[in-house]
Amino acid sequence: MAAAHEPEVIRDKAAMRAWARRRRAEGKAVALVPTMGFLHDGHLSLVSAAAASAGGQPVAVVVSIYVNPSQFAPTEDLATYPSDLAGDIRKLAATAAVAAVFCPPDLYARPDAGAESASCLEEAGGAYGHETWIRVEHLEKGMCGSSRPVFFRGVATVVAKLFNIVEPDVAVFGKKDYQQWRVICRMVRDLDFAIEIIGSEIVREADGLAMSSRNVHLSHEEREKAL
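What counts, and at which threshold
Residues numbered from 1 in each chain as written. Predicted model: local features only at pLDDT ≥ 70, side-chain atom pairs only at ≥ 80, totals over all residues. Heavy atoms only, no water. Pairing = 2+ DSSP bridges. Helix = DSSP H or I, 4+ residues; strand = E, 2+ residues; numbered from the N terminus. Axes fitted to C-alpha atoms, helices over the stretch in contact; angles between N-to-C directions. Phe/Tyr/Trp six-rings, centres within 6.5 Å; stacked < 30°, edge-to-face > 60°. Buried < 20%, exposed > 50% of the residue type's maximum accessible area, 1.4 Å probe, protein only. Core = buried A, V, L, I, M, F, W, Y, C linked by side-chain atoms within 4.5 Å. Contact = heavy atoms within 4.5 Å.

A. Here's a closer look at the sheet that holds strand β4 (residues 98-102). The strand order across the open sheet formed by six strands is β1-β4-β3-β2-β5-β6, and the pairing between neighbours is parallel. Only two strands of the sheet have a single partner each, and these edge strands are β1 (8-10) and β6 (196-200). Looking at each pair of strands side by side, their axes are set apart by 25° on average, direction ignored. Alignment of β1 against β4, held across three bridges, turns out to be parallel. From the neighbouring strand, I10 faces β4, where its bridge partner is F102.

Quick look at the structure:
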């Protein structure tokens, strides 16, 4: 088992960008694993894929932990999304593969400094709040997009923001969120991001259910239905 290695925790956007540029100046590739935290073995498999992504070149793995409010509709579970930052950092340290954890307090311009949104940031628009969005117009339709009309707009926008901040060479996404992975691939193609996108295979619980941070909220009956 690898020895634990405490990753550097970075909260400021400018500091994160400067850190990544220093790693690249050292001859390392930068690999990003975007997450919303409450990490499980599925997330850790993404870390392993990121660590192996550079084909023998030294790689600096960055895991972002940020519960992105813009992908939640007002009726969804932003307020109750599970969180355990200290536990997440311990898990990442135990992999000995993560160089930095980026966990910003907020990634959006707000009408009032420090204001927090309870949904999809609609109230934060206008002249003073966040009003720039990315839409992958065809691939966001259907499947999850049918019942979650703001979801992929929020995902594409926050991932583009993370790409602009971290400036990775590689980014790893789980195929559990298959439509999300394809949306990100299309966004990267269409907007000419110089980033290799890796889709990592699904990791499942012993009973066959795909690992997910939200599984902790399932009742016994809901878990059986999920299977």
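B. Structural context of the packing of aromatic side chains. A complete count under the given rule lists five aromatic pairs for this structure. Here F163 and F193 contribute two aromatic rings whose centre-to-centre distance is 5.5 Å and whose plane-to-plane angle is 70°, an arrangement assigned as edge-to-face. Placement of F163 in helix α5 (residues 151-166) and of F193 in the loop between α6 (178-190) and β6 is noted, with a sequence separation of 30 residues between them. Residue F163 is classed as buried on the basis of its relative accessible area, which comes to 3%. With a centroid separation of 5.4 Å and 70° between ring planes, the pair formed by Y178 and W181 is classed as edge-to-face. Taken together, the positions of Y178 and W181, both in helix α6 and three residues apart, correspond to about one turn of that helix.

C. Looking closely at the nonpolar core. The biggest cluster of nonpolar side chains holds 36 residues, and the ones touching the most others in it are V62, F102, F163, I184, M187 and I197. Where this core is concerned, the elements lending two or more residues are α1 (13-25), β2 (29-35), β3 (59-65), β4, α5, β5 (170-174) and α6. If you tally residues by element for this core, the top one is α5, at 11 residues. Setting aside anything within four residues of it in sequence, one finds M187 in contact with I134, V136, A156, V159, A160, F163 and F193.

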